[in-house]
Amino acid sequence: MIDQAVLEKIKPGATIKVFERVKDGDKERLSQFNGLVLARKHGEEAGATFTVRRTVEGIGVERIFPIHSPLVEKIEVLRR
């Protein structure tokens, strides 16, 4: 579960780092996704999400993360 204080800081314009658990075959590892928050939707309800964009080799990559997902290990706010 992600800390409530961190959830309040996830707003458009913030730079964050999302740590997500990824399963590779029978192994599990943490994957990082650093980027800029573009949007946060649906408040605090069960289907709440936030969209993060980062640039990889000149191409923008966007990911949508559910706030209440058990796969999201932690979120660090780097800049607000």
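Below: a short report on this structure. As the structure is a computational prediction, the values presented were derived from the model and not from experiment.

## Section: the overall build of the protein
Working step 1: Helix and strand counts for the protein come out as one helix and five strands.
Working step 2: Along the protein, from the amino end to the carboxyl end, the secondary structure elements read α-β-β-β-β-β.
Working step 3: The C-alpha radius of gyration of the protein comes to 13 Å, within 12% of the 12 Å expected for a compact globule of 80 residues.
Working step 4: Considered along the principal axes of its C-alpha atoms, the protein spans approximately 35 × 35 × 20 Å.
Working step 5: For the protein, with 80 residues in total, the buried portion stands at 30%.
Working step 6: Of the charged side chains in the protein, 15 are positive and 12 negative; the average position of the first set lies 5 Å away from that of the second.

## Remarks on the pattern of salt bridges
Working step 1: Counted by the stated rule, this structure contains seven salt bridges.
Working step 2: Here R29 and D24 are joined by a salt bridge, their closest N and O atoms 2.7 Å apart.
Working step 3: On the accessibility criterion, R29 (43% relative accessible area) is partly exposed.
Working step 4: Judged by relative accessible area, which is 38%, D24 ranks as partly exposed.
Working step 5: Of the charged contacts in the structure, one is a salt bridge between E62 and R53, with a shortest N-O distance of 2.5 Å.
Working step 6: Each of R21, E28 and E73 takes part in salt bridges that share partners, so that together they form one network.

## Topic: the sheet that holds strand β5 (residues 72-79)
Working step 1: Spatially, the five strands line up as an open sheet ordered β4-β3-β2-β1-β5, and their pairing is antiparallel. Two strands lie at the open edges of the sheet, namely β4 (59-66) and β5, each paired on one side alone. The average angle at which neighbouring strand axes cross in this sheet is 40°, direction not considered.
Working step 2: Note that strand β1 (residues 15-24) and β5 share six bridges and pair antiparallel. Along β5, the bridge assignment pairs E20 with V72.

Rules behind the numbers
- Residues numbered from 1 in each chain as written.
- Predicted model: local features only at pLDDT ≥ 70, side-chain atom pairs only at ≥ 80, totals over all residues.
- Heavy atoms only, no water.
- Helix = DSSP H or I, 4+ residues; strand = E, 2+ residues; numbered from the N terminus.
- Rg over C-alpha atoms; globule rule 2.2 N^0.38 Å.
- Buried < 20%, exposed > 50% of the residue type's maximum accessible area, 1.4 Å probe, protein only.
- Lys, Arg positive; Asp, Glu negative; His and termini not counted.
- Charge placed at Lys NZ, Arg CZ, Asp CG, Glu CD.
- Salt bridge = Lys/Arg side-chain N within 4 Å of Asp/Glu carboxyl O.
- Pairing = 2+ DSSP bridges.
- Axes fitted to C-alpha atoms, helices over the stretch in contact; angles between N-to-C directions.

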